[in-house]
Amino acid sequence: MATTAVAQNTRWWNGGRSPFNVEYGKLMMWYFLISDAFTFGAFLISYGTIRFSQNFWADPNHVFNAFPGTGHANLPLAFVSLMTFILIMSSVTMVLAVHEGHHGNQKGVVKWLGWTVLGGIAFLSCQAWEWTHLITGEHAVLSNGGIDVIGTTVRGNPWGLEVHGAAVTEALAKTPHENLVKLVAMEHHDMPHQQLAAMGDQQLRGMINTAELHVREAGPIAFGGFFFGITGFHGFHVFSGVIINIIMLLMARSGVFERRGHYLMIEKAGLYWHFVDLVWVFVFLCFYLI
Amino acid sequence: MEHSHSTTSEVTFHHAASDSTKRIWRTFWVLLGLTVIELLLGLSMYAFNLPGWLHLFMKGVIVILTLAKAYYIVSIFMHLGDEIRNLIMTIVVPLMLFIWFIAAFLWDGNAYRTKRNRYDTYFRESTMERPLNSADTSKHGFE
């Protein structure tokens, strides 16, 4: 036992063959993924550094609580769970495509790659909806003593500490006309903008239900930059993964790998796709769970 | 470039391709199960007002579950577990840098916060959820 193990161990480094027992392209894909892991790692760790330097940070359960088609229902983490499920599922279909490739089954490879591409597109669509929802969201936030209405962007974070009671009334008194119009429009979507703009400040203030109005301070400004930067960088990886998978799908369908005699390219594309899923596991952890 | 035979000359031996997809689907259920547990923990942190230590403990559990998910994805889906030791080591050993990377930078962020709380009164008072008891030095460092 021991002697054969030693014999095998020394044999790997004698030259003439890959000491890693993999084909060159696959090894280079692994090394690329390591460097990409450090890029993502640096982004997520810098996010952690900034978060650790703050006394207060937005609660993800408040920020990510919307689901398409449910209006203002409070459904924390529901949509991102769906996105996670979609990505895990597409990882499974990818590994099934690789599996069919091992057996040289062209039809199977094409079928499972097709599902993988579909999963990737579904994930990107979900992310597009989520971004749109965050950016176009309307939240009342303290600003220059008054109240402003902002969404979650790289320049604005409406998820600070909650403001209550007298502080709200006081801020409302100092709120300029155009922001009062925005506040009233939040509750009265049916009223035309011109009609609201023509009203006096006192009348507008009277239309605002201060008990229903949730006002927060602005949160740490870095939140939006990190969120859109990191999920955007991940989304770009998903996008390029979808493009690569489409190319693999077309090549598999036209019989390129069949003529080549092996499906190693599918394995390399698969490594990249699983890495995208792997990164999402950590993005999910850092932004949505803790 | 590519040869017509089914292997490249660089590969010395092939691992027998498994005949069933059972392992893949089992891994899928494991990943799904771990994610559901993570979600339940995350939601319970939101639903119940937990004491600080328990809150932190649950976050720790979620991090460990995430590492378990990462292990399953890399080992089974990316087939790293089926490769020879040389390849596993050339990938895993450089990733050990993350231990220092995470510890050093989170420590740095935390040090900045405690320093700022100690010297910047406005920052401390405007960003704390509850006003601090001046005897409680745990949040702004020891005098």
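Everything numeric here is computed off the predicted structure, so don't read it as measured data. (Residues numbered from 1 in each chain as written. Chains lettered and ligands numbered in written order. Predicted model: local features only at pLDDT ≥ 70, side-chain atom pairs only at ≥ 80, totals over all residues. Heavy atoms only, no water.)

K.L.:
Lay out unusual backbone geometry in plain terms, naming residues and giving numbers.
P.N.:
For A:L77, which is not a glycine, the phi torsion comes out positive at approximately 65 degrees. Structurally, A:L77 can be placed in the loop between α3 (60–63) and α4 (78–102). Residue classification places A:L77 among the buried positions, given a relative accessible area of 2%. A positive phi angle, close to 60 degrees, is found at B:H79, a residue other than glycine. The topology assignment puts B:H79 in the loop between α2 (52–77) and α3 (85–95). Look at B:H79 and you get partly exposed, because its relative accessible area is 21%. (Helix = DSSP H or I, 4+ residues; strand = E, 2+ residues; numbered from the N terminus. Buried < 20%, exposed > 50% of the residue type's maximum accessible area, 1.4 Å probe, protein only.)

K.L.:
Go over the packing of α4(A) against helix α12 (residues 264–289) of chain A, please, and point to the residues and values.
P.N.:
Two packed helices can be described by the angle between their axes and the distance between those axes. Residue and element names in this part refer to chain A. It is the contact of α4 with α12, at a shortest axis distance of 10 Å, that shows an interaxial angle of 160 degrees. Considered as vectors, α4 and α12 are oriented roughly antiparallel to each other. Where α4 crosses over α12, the two elements pack in a sense that is left-handed. Residues V80, M83, T84, L87, I88, S90, S91, M94, V95, A97, V98 and H102 of α4 touch α12, and the partners they reach there are I266, E267, A269, G270, W273, H274, V276, D277, W280, F284 and Y288. Each residue belonging to the contact of α4 with α12 can be placed in one class, and the counts come to 15 nonpolar, six polar and two charged. (Axes fitted to C-alpha atoms, helices over the stretch in contact; angles between N-to-C directions. Parallel < 35°, antiparallel > 145°, perpendicular 65-115°, else oblique. Left-handed = near helix turned anticlockwise from the far one by under 90°. Contact = heavy atoms within 4.5 Å. Nonpolar A, V, L, I, M, F, W, Y, C, P; charged D, E, K, R; others polar.)

K.L.:
Go over the side chain of A:S18 with me, naming the residues and quoting the values.
P.N.:
With respect to the element layout, A:S18 can be found in the loop between α1 (2–11) and α2 (24–52). Within the structure, the side chain of A:S18 is placed 3.2 Å from the backbone oxygen of A:V22, a separation counted as a polar contact. Not counting the four nearest positions on each side in its chain, A:S18 is found in contact with A:W12 and B:E10. (Polar contact = N/O pair within 3.5 Å; in protein donor to acceptor, adjacent residues only side chain to side chain.)

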